[in-house]
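Structural overview
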Amino acid sequence: MRWFTPARLAAGGLFLLGAAAFVLWLLPDNGTDILLVDPAHPVDPIVSVPDDPRTPQPGPIYFVDVREREARLLERILPFLRPNGSSLVPAPPVSSSVEQQIGVQDMTQSQKVAAVVALNHLGYKVKATTGGVTIVLVEQSAPAAKILHTSDVIVAADGHKVSSVANLRAVLAKHRPGDVVRITFVRDGKRMTASIKTVADPQDPKRALVGVSARDNLTVKLPVKIKIDAGGVGGPSAGLAFALDIARELGRNVTHGHKIAATGEIALDGTVGPIGGVKQKTFGARAAGVDAFLVPAGENAREARRYADGLRIIPVKNFPQALRALATLR
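Since we're looking at a predicted model, the values are computed, not measured.

Okay, unusual backbone geometry next. Of note in this structure, H256 is not a glycine but carries a positive phi near 55 degrees. Along the polypeptide, H256 turns up in the loop between α5 (239–249) and β16 (260–262). Judged by relative accessible area, H256 falls into the partly exposed class, the value being 35%. Positioned with a positive phi, D309 is a non-glycine residue whose angle comes to about 50 degrees. Within the secondary structure, D309 sits in the loop between α7 (299–306) and β20 (312–316).

A few words now on the sheet that holds strand β19 (residues 292–296). Taken in spatial order, the 5 strands of this open sheet run β2-β4-β16-β19-β20, and their pairing is mixed. Across the chains shown, the open sheet's two edge strands, defined by having one partner strand only, are β2 (41–42) and β20. In the packing of α5 onto the sheet, the strands contacted are β4 (61–63), β16, β19 and β20, and the crossing angle to β4 comes to about 155 degrees.

This paragraph deals with the pattern of salt bridges. This structure, assessed with the given rule, holds 10 salt bridges. Between R248 and D245 there is a salt bridge whose closest N-O contact spans 3.2 Å. With R248 and D245 both in helix α5 and 3 residues apart, the pair spans about one turn of that helix. Take R248: its relative accessible area is 8%, and that puts it in the buried class. Overall, the relative accessible area of 0% leaves D245 in the buried class. Notably, a salt bridge pairs R286 with D309, separated by 3.5 Å at the nearest N-O pair. Taken together, the positions of R286 in helix α6 (residues 278–288) and D309 in the loop between α7 and β20 put the pair 23 residues apart, joining distant regions of the chain.

Turning next to the packing of α6 against α7. Close contact between α6 and α7 brings their axes to 9 Å; oriented N to C, the two are set at 55 degrees. On the basis of the axis angle, α6 is oblique to α7. By crossing handedness, the relation of α6 to α7 is classed as right-handed. For the pair α6 and α7, contact is made by V278, K279 and T282 and by N300, E303 and A304, respectively. Considering only residue class, the contact of α6 with α7 consists of 2 nonpolar, 2 polar and 2 charged.

With that settled, consider the nonpolar core. By size, the foremost hydrophobic cluster in this structure holds 45 residues, and its most contacted members are L240, F242, L244, I246, L294 and F319. Mapped by element, the contributors of at least two residues to this core are β4, α3 (96–121), α5, β16, β19, β20 and α8 (319–327). When residues of this core are assigned to their parent elements, the largest contribution, 8 residues, is made by α3. The residues touching L244, leaving out its near neighbours within four places in the chain, are I61, V254, A262, L294, F319, A322, L323 and L326. Ranked by size, the runner-up nonpolar core spans 19 residues in total, among them V138, I154, V171 and I183.

Attention now moves to the packing of aromatic side chains. Overall, the coordinates contain 2 aromatic pairs when judged by the stated rule. Each ring, one from F63 and one from F242, has its centre 6.1 Å from the other, and the planes form 50 degrees; the classification is tilted. With a gap of 179 residues between them, F63 in strand β4 and F242 in helix α5 connect regions that are remote in the sequence. Of the two residues examined, F63 and F242, each falls in the buried class. Look at F283 and Y307: their rings are 6.1 Å apart centre to centre, the planes differ by 45 degrees, and that puts the pair in the tilted class. With F283 in helix α6 and Y307 in the loop between α7 and β20, the pair connects residues that are 24 residues apart, well separated along the chain. Above the ring of F283, the side-chain terminus of R286 is found at 4.5 Å from the ring centroid.

Rules used in this analysis
- Residues numbered from 1 in each chain as written.
- Predicted model: local features only at pLDDT ≥ 70, side-chain atom pairs only at ≥ 80, totals over all residues.
- Heavy atoms only, no water.
- Helix = DSSP H or I, 4+ residues; strand = E, 2+ residues; numbered from the N terminus.
- Buried < 20%, exposed > 50% of the residue type's maximum accessible area, 1.4 Å probe, protein only.
- Pairing = 2+ DSSP bridges.
- Contact = heavy atoms within 4.5 Å.
- Axes fitted to C-alpha atoms, helices over the stretch in contact; angles between N-to-C directions.
- Salt bridge = Lys/Arg side-chain N within 4 Å of Asp/Glu carboxyl O.
- Parallel < 35°, antiparallel > 145°, perpendicular 65-115°, else oblique.
- Left-handed = near helix turned anticlockwise from the far one by under 90°.
- Nonpolar A, V, L, I, M, F, W, Y, C, P; charged D, E, K, R; others polar.
- Core = buried A, V, L, I, M, F, W, Y, C linked by side-chain atoms within 4.5 Å.
- Phe/Tyr/Trp six-rings, centres within 6.5 Å; stacked < 30°, edge-to-face > 60°.
- Lys NZ or Arg CZ within 6 Å of the ring centre and 35° of its normal.

What follows is the structure, given as structure tokens:
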């Protein structure tokens, strides 16, 4: 009896090849994450104004987010194995738990700002005070790590007052990665200024960053009780969608019967700032079957159009412009 026939050798080879492929599939690609598409979510179930009896106007608003996990080795080697609409990005320099904690803080902050913007626009009197930008994390590989510490409060950049993260980003938008920016900050009551070399955003190599995660020192007193429960979703990019839905909950005809997705970090003055993961968010908006997708003007809107596949992309710079665009939407 022959044990090593050609057929058996071929079958054994195929088995070993399959086993090797399975092991490679399970192996993580350390240092690389993958951004995944998540269909857009309706805002209405998570935003409410308990003490207002008015029925919201028809036309739902959706927010979009991105799922992120560690990439597998085979996903990096063989692009066709990656899920549709996904992208590979460098892994963050912090643990996933720290990143999630920062994301939740950003989301909480965006909810406060969204409420202030919406209520101000509707004519309510809102008390909101800011006192600079507090650093919650410093990327240890960035030049900023030699100068800035967590809990430092940034109050100015290149001589411009910084009262919010949006202000800081506006100053950095004028720089290219590698440029030097003058940062004024307060530590233990002492005001200091230092020159800090910027670094590139891992998701957008043309975008300059200081290399810190920060949040606004924001205190808000609302005249109307607003409840937002986003669950475990993190990040500031749902700010515009929240502001639009709060206005809708308070009787404003925001969408005029359309099904609208929106993304963008919103500042206290109503400015809509850029966000990450635009490709995945555009795929997510398409998956939800919305009529139009509101996206921060500029590079975000240009990227969204590349993946729109017929979905109408509306670039917006601020909250009032977003309302006007929706009012004239055919």
